[in-house]
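# Observations on the three-dimensional arrangement
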Amino acid sequence: MPTLNWLIRESSLNNLRLITGENHILKEIKSVNVLDNPDVLKWFKQNELILTTGYCFKDDPMLQRQMIKDMSDIGCTALAIKTKRFFRQIPEAMIDEAKKLDFPIIELPYFYSFSEISQLIFQQIYKEKNTQAEHEQRFLSNFMQQILNHEPISTSLQQIARFFVIPVLLIDINYTPIASAFPYKNNDINEDDLRSLTDFLSLQIMKNTADSFCKINGQNYVLQTFSLYNQAGYLCFLHKQNSISLIPTSKFLQNIIQLLTFACVQNQTLSTSYSNNSTFFLHFLVHHKQNNVEEIKKLCSFYGFDYRKEWICLTISLQNIPEKAKSSFLPKLNKFVKNTSLEYCSIFTCFNNNLFCIYFLFPANYHRLQALHQVQNFALNLQTNFNEIPIFMGISACHKKITNISRAFEESLKSLQHQQQINDFKPGSYLHQIPLHLLNQSSSNLLIHNILQPLLDFDCQNDTKLVHTLKVYFSCNYNASQAAKILYLHRNTMLNRLEKIKEILQTDFNNSNENILIYLSLAALEV
């Protein structure tokens, strides 16, 4: 971008004079605007050069000061005023206010038109953009060559630091600094200072903010962070708080991050304690729910998750498995998943020390209820094969929108947590649990009071378990024989209990609307 220095000292315009704001001689000019009325201030932008004849404020010192203050607050680059039109010299009130605020004022010769000045600046902006594009292309070419030559990551970071003229930091998924680089010899910050940021980073990055403030040796800095494509770590830029604006997220920067990610994978720079690199995909599901569609697509492509299909997520809790047993349990689980064949379905897995996620990927036109049945049968088979270690499982609904990858995980996790809450090792289904998630305390109390209260009172007064009997009967789809087997009862005893329940609740289980209310009332007991 052209600067004030270029405009005053290097452009073809002559006799421009910087009256105030010498400290901002290198400030960028990103656009040009004209001040011909005080009301136009609302349309001024940061890094904009303002041109004026001064007519609108020539006889009002208070307005002159206020306008300088407003432009300084907006972040305008400078105010350029023509002289020998409406006054012989720039008013003292404006100069005085500009000196107080360290805001640049330029004296313009009267013989230059505003269109001439604007055209010259915009031509320079266009020229520098083209030059910048060529510069970026050369950088990417050299950067890629270094990576293909297996240069150390420190060399790659040094190239990034020198290009952007700012310190950079590479940190891993645990927010531990791995490497850093400086564009020049820096007396304010050293590598030990950057490594001391670990605790700060772990708190700030988890907030999913693009940048955050920190203090090093008494100096305020802005830490700008970008996730690597495989979510294995972060590339950070360290700006002085009062310096130029932050680095924009551009295609050029995305290319750098993509190449740096490849270099880290190639050199195994960002190691973790996990045996499966798709752990980073699970880390993305947990911590990066606000990523845009393009970022998610790139991550899916990197790990081989086919986002064009529909998916159901099954999450298994590993928390109740002893640490010593996990080393043998996980290979067995992986083998079971790998050897399982489901119709028209491919499988994607990701896990960490606490959770094992399985995504079942079905064709987009596949029958969703049939897909859910297949996943539920898979979960039951898994439970049978691993019955020596009871595990909690949760199953999501079926999704296909790419932004719902995380949602499917969250649904399976909610379902799993409910199974843990009621201590039920059967695979939990989010769809079947929707009534639980919809019921609040008020509606739960209302259902229980109107539907189940007589049965609860009878159990309390007679030390019976008719409510539990009813719950098992409903869970067995009104199959009295199956319910009797689960409850270890003779079938006739089960039938007698059902008759007593019908008598107390004044129902015969033939009315579907009443059955729904009874089911919701039983669900309300679990809220």
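Residues numbered from 1 in each chain as written. Predicted model: local features only at pLDDT ≥ 70, side-chain atom pairs only at ≥ 80, totals over all residues. Heavy atoms only, no water.

Another point: the overall build of the chain. Tallying secondary structure elements over the chain gives 19 helices and 15 strands in all. Buried residues in the chain amount to 48% of all 527 residues. With the model as given, the accessible surface of the chain reaches about 27,800 Å², and the carbon-plus-sulfur share is 49%. (Helix = DSSP H or I, 4+ residues; strand = E, 2+ residues; numbered from the N terminus. Buried < 20%, exposed > 50% of the residue type's maximum accessible area, 1.4 Å probe, protein only. Areas by Shrake-Rupley, 256 points an atom, 1.4 Å probe, with all protein chains shown as cover.)

Here we come to helix α4 (residues 114-148). Each α-helix winds once per 3.6 residues, and so residues spaced three or four apart point in a common direction. The end-to-end C-alpha distance of α4 is 51 Å, a good match for the 51 Å that 35 residues give at a rise of 1.5 Å each. If you check which residues of α4 are buried, you get F114, I117, S118, L120, I121, Q124, I125, F139, L140, F143, Q146 and I147. Phi turns positive one or two residues past the end of α4, at H150, with a value near 60 degrees. (Expected span 1.5 Å × (residues − 1).)

Two aromatic rings, taken as a pair, are described by how far apart their centres are and by the angle between their planes. Applying the stated criterion to the full structure yields 26 aromatic pairs. For the ring pair Y473 and Y478, a centre distance of 5.7 Å and an interplane angle of 70 degrees mean the geometry is edge-to-face. Here Y473 falls in the buried class, since its relative accessible area comes to 9%. Under the relative-accessibility criterion, Y478 is labelled partly exposed at 39%. Pairing F474 with Y478 gives two aromatic rings, centres 5.1 Å apart and planes at 70 degrees, and the pair type is edge-to-face. Pairwise contacts between aromatic rings join F139, F143, F163, F164, F226, F237 and F252 into one cluster. When the ring centre of W43 is taken as reference, the NZ or CZ atom of K42 above it lies at 5.4 Å. (Phe/Tyr/Trp six-rings, centres within 6.5 Å; stacked < 30°, edge-to-face > 60°. Lys NZ or Arg CZ within 6 Å of the ring centre and 35° of its normal.)

So, about unusual backbone geometry. Residue D463 is not a glycine yet carries a positive backbone phi of 55 degrees. Tracing the backbone through its elements, the reader meets D463 in the loop between α15 (441-462) and α16 (466-475). Positive phi, close to 55 degrees, is recorded for N477, a residue that is not glycine. Checked against the element boundaries, N477 lands in the loop between α16 and α17 (480-487).

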